[in-house]
Amino acid sequence: RIAWLYRYQGNNEKEMAFIKHARDKFIDAYQNENLSDDKENELLTMLLVGELSRRLSDYHTAVKWFSKLLQEPDIKKKRHIEMHARDLWAEASMAYKKEKGKDYEVDEE
């Protein structure tokens, strides 16, 4: 939410700093918290990490998180998340290709 305030003020540098902070905290939560009790929270956390990475122009990380999300078996039960993730994956993938100036294939880590 702090990033939104800086966006409204037009302070891009601080907005990006707080988006990075939020992304890093979501990654920490994904890795260290027990999210498996509520699969939707786990899926949404992956979606947020991907989207925040995309907003930071960290397209490689964004594509990795969207790919990981789309490979989750439970994603088929949450069609709205799946469709949104596919759209964001496509945007991040195209941006990554453009940034790198080469063809890109998703690496399955």
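As a reminder, the structure under discussion sits directly above these lines.
Everything numeric here is computed off the predicted structure, so don't read it as measured data. (Residues numbered from 1 in each chain as written. Predicted model: local features only at pLDDT ≥ 70, side-chain atom pairs only at ≥ 80, totals over all residues. Heavy atoms only, no water.)

Enquirer: I'd like to hear about a nonpolar patch on the surface, residue by residue, with values.
Expert: A cluster of nonpolar residues, Trp4, Leu5 and Tyr8, forms a patch on the protein surface that exposes about 430 Å² of accessible area. Position of Tyr8 among the secondary structure elements: in helix 1 (residues 2-9). For Tyr8, a relative accessible area of 70% gives the class exposed. (Patch = residues over 30% accessible without salt bridge, like charges linked within 9 Å, V, L, I, M, F, W, Y side chains within 5 Å. Areas by Shrake-Rupley, 256 points an atom, 1.4 Å probe, with all protein chains shown as cover. Salt bridge = Lys/Arg side-chain N within 4 Å of Asp/Glu carboxyl O. Helix = DSSP H or I, 4+ residues; strand = E, 2+ residues; numbered from the N terminus. Buried < 20%, exposed > 50% of the residue type's maximum accessible area, 1.4 Å probe, protein only.)

Enquirer: Describe in detail helix 3 (residues 39-55), supporting the description with residues and values.
Expert: Look at helix 3: 24 Å from first C-alpha to last across 17 residues, which is about the 24 Å you get at 1.5 Å a residue. Burial in helix 3 covers these residues: Glu42, Leu43, Thr45, Met46, Leu47, Val49, Gly50, Glu51, Leu52 and Ser53. The elements touched by buried residues of helix 3 are helix 2 (12-32), helix 4 (59-70) and helix 5 (79-100). Positive backbone phi, approximately 65°, marks Ser57, located one or two places after helix 3. (Expected span 1.5 Å × (residues − 1). Contact = heavy atoms within 4.5 Å.)

Enquirer: Lay out helix 4 with the relevant residues and their values.
Expert: Relative to the 16 Å expected for 12 residues at 1.5 Å per residue, helix 4 spans 16 Å between its end C-alpha atoms, a close match to the ideal helical length. Turning to helix 4, its buried residues are Tyr59, Ala62, Val63, Trp65, Phe66, Ser67, Leu69 and Leu70.

Enquirer: Before we move on, could you go through the side chain of Glu51 and cite the residues and values that matter?
Expert: Looking at where Glu51 falls in the secondary structure, it is placed in helix 3. The exposure class assigned to Glu51 is buried, which follows from its relative accessible area of 12%. Beyond its immediate stretch of four places on either side in the chain, Glu51 contacts Phe66 and Leu88.

Enquirer: Residue-level account of the packing of aromatic side chains, with values.
Expert: The geometry of two aromatic rings is summed up by the distance between their centres and the angle between their planes. What the rule picks out here adds up to 2 aromatic pairs. Ring geometry for Tyr6 against Phe18: centres 5.6 Å apart, planes inclined by 20°, an arrangement best described as stacked. Of the two residues, Tyr6 is situated in helix 1 and Phe18 in helix 2; the sequence distance between them amounts to 12 residues. Accessibility expressed as a relative area gives 31% for Phe18, which makes it partly exposed. Consider the rings of Tyr30 and Trp65, whose centres lie 5.1 Å apart with planes at 80°: the pair is edge-to-face. Note that Tyr30 is positioned in helix 2 and Trp65 in helix 4, a separation of 35 residues in sequence. This pair shows no difference in class: Tyr30 is buried, exactly as Trp65 is. One cation-aromatic arrangement involves Lys68 over Trp65; the distance from NZ or CZ to the ring centre is 5.4 Å. (Phe/Tyr/Trp six-rings, centres within 6.5 Å; stacked < 30°, edge-to-face > 60°. Lys NZ or Arg CZ within 6 Å of the ring centre and 35° of its normal.)

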